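# Fold and geometry: a report
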Amino acid sequence: EAYAQTGVAAVGTSAMCVYQQDDSAAGVATDTTTIWAQRIDVAGAAVVMGAQFQITPAGSDCDFPSITKVSEGQVGVLPARWIAVWQRYDGATPVARDWDVVGTQLLADDTAAGTFEAVGSAANDRHRILPKVEGQRGRFLVAYAAVERAGVPKAAALQGKIMVAQRFDWPSGGAATS
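All values derive from a computational prediction rather than experimental measurement.

Our next topic: the packing of aromatic side chains. Aromatic rings in a pair are described by how distant their centres are and how their planes are angled relative to each other. Inspection of the entire model under this criterion finds three aromatic pairs. Arranged with centres 4.0 Å apart and planes meeting at 25°, the rings of Phe-116 and Phe-168 form a pair that is stacked. A residue pair is termed long-range when its members are at least 10 positions apart, and Phe-116 in strand β8 (residues 111-117) and Phe-168 in strand β11 (residues 162-169) qualify at 52 residues. The pair formed by Phe-116 and Phe-168 is uniform in burial state, with each residue classed as buried. Ring-pair connections join several aromatic residues into one group, and the members of that group are Phe-116, Phe-140 and Phe-168.

Below, the structure written as structure tokens:
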């Protein structure tokens, strides 16, 4: 298979950090956690923190974010970007709610763009949990644990029984494809 995506790890001094924040009570795990990101410039003698920005909607239940370790892009050609994933608890009705793996790309201008959803997330058949992502040059791998949803309540779903790995392509400036 030919692959036309070009680029190298960005030459630069920026790092990106992702973290979860509980929106309702400090120090207490609740159902209203969001995922945030913050760019960090480590070029000078003092570390410069970029603006914090929220990458999931308020009032959602999103946990365990992961981000690619190396940014991608070329200085002066393509902006630096990282891919972030996390687990989100959702569903149209209470009986169909499950944990899914979703993500976005984070750009060096402190914005998020595009969405990624692990294969099968819309099926509501199993909890997809504890994702990790890595890759570069437009090719990525997300690995996560899974457990059948039937009979497994939300809180007990953090004990996956199956390991899943999914490769997906996300070229700079394009959309994610599985």
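Structure's up, so let's keep going.
Inspection of the entire model under this criterion finds seven salt bridges. Across the pair Asp-90 and Arg-88 runs a salt bridge, and its minimum N-O distance is 2.8 Å. Notably, a salt bridge pairs Glu-148 with Arg-126, separated by 3.2 Å at the nearest N-O pair. Remark: Arg-126 occurs in strand β9 (residues 126-136) and Glu-148 occurs in strand β10 (residues 139-148); sequence separation between them is 22 residues. Accessibility expressed as a relative area gives 40% for Glu-148, which makes it partly exposed. Bridged by salt links that share partners, the residues Arg-88, Asp-90 and Glu-117 form one connected network.

Below, the discussion takes up the sheet that holds strand β3 (residues 48-54). Spatially, three strands are ordered β1-β2-β3 in an open sheet, and the strand pairing comes out antiparallel. In this open sheet, the two strands that pair with only one neighbour each are β1 (14-22) and β3. Taken pair by pair, the neighbouring strands of this sheet meet at an average axis angle of 25°, ignoring direction. Of the strand pairs in this sheet, β1 and strand β2 (residues 33-41) are connected by nine bridges, and their pairing is antiparallel. Each bridged residue has a counterpart across the sheet, and for Ser-14 the counterpart in β2 is Asp-41.

Strand order in the open sheet made by the three strands is β9-β10-β11, with antiparallel pairing throughout. The sheet terminates laterally at β9 and β11, the two strands that pair on one side only. Ignoring which end each strand starts from, the neighbouring axes of this sheet average 20° apart. Bridge analysis of β9 against β10 gives nine bridges, and the strand direction is antiparallel. By the bridge assignment, Gln-136 is partnered in β10 with Arg-139.

Definitions and cut-offs
Residues numbered from 1 in each chain as written. Predicted model: local features only at pLDDT ≥ 70, side-chain atom pairs only at ≥ 80, totals over all residues. Heavy atoms only, no water. Phe/Tyr/Trp six-rings, centres within 6.5 Å; stacked < 30°, edge-to-face > 60°. Helix = DSSP H or I, 4+ residues; strand = E, 2+ residues; numbered from the N terminus. Buried < 20%, exposed > 50% of the residue type's maximum accessible area, 1.4 Å probe, protein only. Salt bridge = Lys/Arg side-chain N within 4 Å of Asp/Glu carboxyl O. Pairing = 2+ DSSP bridges. Axes fitted to C-alpha atoms, helices over the stretch in contact; angles between N-to-C directions.

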